[in-house]
Number of protein chains: 2
Amino acid sequence: MTSYRPYHHGNLRQAVLDEASAVVRDRGAAELSLREIAATIGVTHAAPRRYFSGRQELLDAVAVEGFTRLGTRLRKASGERDHPGRLRAVAQAYLDFAVAEANLLELMFAHKRGPGGEAVSTSAESAFAPILQLFQRSEAEGLLPDGGAVRLSVVFLATLQGLAGLVNCGVVPLDQVSELVDEAVARFSD
Amino acid sequence: MTSYRPYHHGNLRQAVLDEASAVVRDRGAAELSLREIAATIGVTHAAPRRYFSGRQELLDAVAVEGFTRLGTRLRKASGERDHPGRLRAVAQAYLDFAVAEANLLELMFAHKRGPGGEAVSTSAESAFAPILQLFQRSEAEGLLPDGGAVRLSVVFLATLQGLAGLVNCGVVPLDQVSELVDEAVARFSD
DNA sequence: CCTCAATGTATCCGCTGGAAACAATGTTGT
DNA sequence: ACAACATTGTTTCCAGCGGATACATTGAGG
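Small disclaimer: the values here were computed from a predicted structure and weren't measured.

**Thoughts on the overall build of chain A**
Across its full length, chain A holds eight helices and zero strands. Taking all 190 residues of chain A together, 42% fall into the buried category. When contacts within chain A are restricted to residue pairs at least 6 apart in sequence, those whose partners lie at least 24 apart make up 68%.

Below, the structure written as structure tokens:
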């Protein structure tokens, strides 16, 4: 007997978002097709439009979800005892995420965004907050020269994101990540 | 009198490549359409296929051209006298390029590549060679602690590329780039 | 001149994002 | 209980895309 499928899905928005995330993870944002996602869920290609006004908006939502998950990981990692330990843990968490979710990271840092793309920017700032707080705390504890915690945190973040990008586009081999992370941490530990 | 258009274009490959570069620069790689490019040049949409077997191959060619231009700029900038000066000049050149060619940079560092994508990787390595040489030279001149010039240069490059990414995706405002570059250079000057 | 390779054209395919009119289903007020 | 309304999914259309193939035009070499 065929399972009965009601006219209303009940949770289409989340189903579409989940499927979109899966497609991005497995094949990248460029391969994402609204029609394919709808077909996978078992719904007409016009149905998802009730929740996402277009392709770009769906991609933005996937990016926001990505930043939320990244932020959670960074926050968990920023609780080590000493300054270099915190940097190391955060850097490791960042690159673990970046390598495991290469396609998602590319989407998250994509230049292009739809109307309402501010949501992506604010979710990005939230995700990066733990890094800023880490430097501010270390500064307050006297583990760092006074002043410029914001600047330092941004440059540190840039280093992590840059490493992630170089790894994911093939310039840096995976087996060198660990020693490069060590070098990066050393640059921000004095 | 209407200019006579011969059956054979004479330089179609270059014309397609130039137009593709212009589209990427102005609207981003995602907006690039083979048909539109062909129409702009005044040729059938199937004609460019004689030179680029598909869309991805054309994008790869645009990326290679981008790395070539970036490499030229970096090489020119790496001729300053002292180590911090060289870092500063290279960093400035990198971010100038990144900001002016945001869409192109995104394509250059894109995860996805077609068959024959090794050409992109090798052109990237060539472009980055000046940065590696810069650190090796500084090390040889005793301006840097011995060992790890390769690691240092990769992490420095990552910092630059990361800053570029953060600026281009809107996380870092343009008017903070200069002071962030200073901070980054300071991290690699001891 | 004739042949042949190179280059551009014409035409077809399936797929995509998007828009609009329509149908089925819940919900709410009386 | 029932009518009016809002929500949600369907159907049907469109133009554009990348790609493939068969064909026409051109130029180069024997």
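**Re the relation of the copies chain B and chain A**
The transformation that overlays chain B on chain A combines an axial shift of 0.0 Å with a rotation of 180°, and the residual RMSD is 0.0 Å. In short, the pair behaves as if placed about a two-fold rotation axis. When you check the interface residues of chain B against chain A, 100% turn up at the interface there too, and the contact is symmetric in its surfaces.

**Some points on the interface of chain B and chain A**
Taken together, the contact pairs 35 residues of chain B with 35 residues of chain A. Listed by contribution, the elements that provide at least two residues to the side of chain B that touches chain A are helix 5 (102–108), helix 6 (118–140), helix 7 (149–168) and helix 8 (177–187) of chain B. Counting residues per element, the side of chain B that touches chain A draws most heavily on helix 7 of chain B, which supplies 13 residues. Of the residues that constitute the side of chain B that touches chain A, the class distribution is 18 nonpolar, eleven polar and six charged.

**Focus: the environment of G117 of chain A**
Mapped onto the elements of the fold, G117 of chain A is located in the loop between helix 5 (102–108) and helix 6 (118–140). Since 19 C-beta atoms lie within 10 Å of it, G117 of chain A is described here as partly exposed.

**Considering the nonpolar core**
Y94 and L163 of chain A together with Y94 and L163 of chain B are the most contacted members of the largest nonpolar core, which totals 118 residues. Beyond its immediate chain neighbours, meaning those up to four positions away, L163 of chain B contacts A158 of chain A together with L95, V172, L180 and A184 of chain B.

**Notes on helix 1 (residues 12–27) of chain B**
Residues and elements named next belong to chain B. Taking 1.5 Å per residue, 16 residues should reach 22 Å; helix 1 reaches 22 Å between its end C-alpha atoms and fits that length. Residues of helix 1 that are buried: V16, L17, A20, S21 and V24. Angular distribution of buried residues about the axis of helix 1 spans 135°; they occupy a single face of the element. Residues of helix 1 that are exposed and point more than 90 degrees away from the buried face comprise Q14 and D26. Buried positions along helix 1 lie against helix 2 (34–41), helix 3 (55–77) and helix 5. Taken from the residues just after helix 1, G28 is the one with a positive phi, measuring 95°.

**Looking at the packing of helix 4 (residues 83–100) of chain B against helix 8 of chain B**
All names here are of chain B. Helix 8 packs onto helix 4 with a crossing angle of 140° between their chain directions and a minimal axis gap of 10 Å. Taken together, the axes of helix 4 and helix 8 lie oblique to each other. Between helix 4 and helix 8 lies a crossing of right-handed hand. Listed contacts from helix 8 to P84, L87, R88, A91, Q92 and L95 of helix 4 are V177, V181, A184 and V185.

Rules behind the numbers
- Residues numbered from 1 in each chain as written.
- Chains lettered and ligands numbered in written order.
- Predicted model: local features only at pLDDT ≥ 70, side-chain atom pairs only at ≥ 80, totals over all residues.
- Helix = DSSP H or I, 4+ residues; strand = E, 2+ residues; numbered from the N terminus.
- Buried ≥ 20, exposed ≤ 12 C-beta atoms within 10 Å, placed from the backbone.
- Contact = placed C-beta atoms within 7 Å.
- Least-squares fit on C-alpha atoms with pLDDT ≥ 70 in both.
- Nonpolar A, V, L, I, M, F, W, Y, C, P; charged D, E, K, R; others polar.
- Core = buried A, V, L, I, M, F, W, Y, C linked by C-beta atoms within 7 Å.
- Expected span 1.5 Å × (residues − 1).
- Arc of directions from axis to C-beta.
- Axes fitted to C-alpha atoms, helices over the stretch in contact; angles between N-to-C directions.
- Parallel < 35°, antiparallel > 145°, perpendicular 65-115°, else oblique.
- Left-handed = near helix turned anticlockwise from the far one by under 90°.

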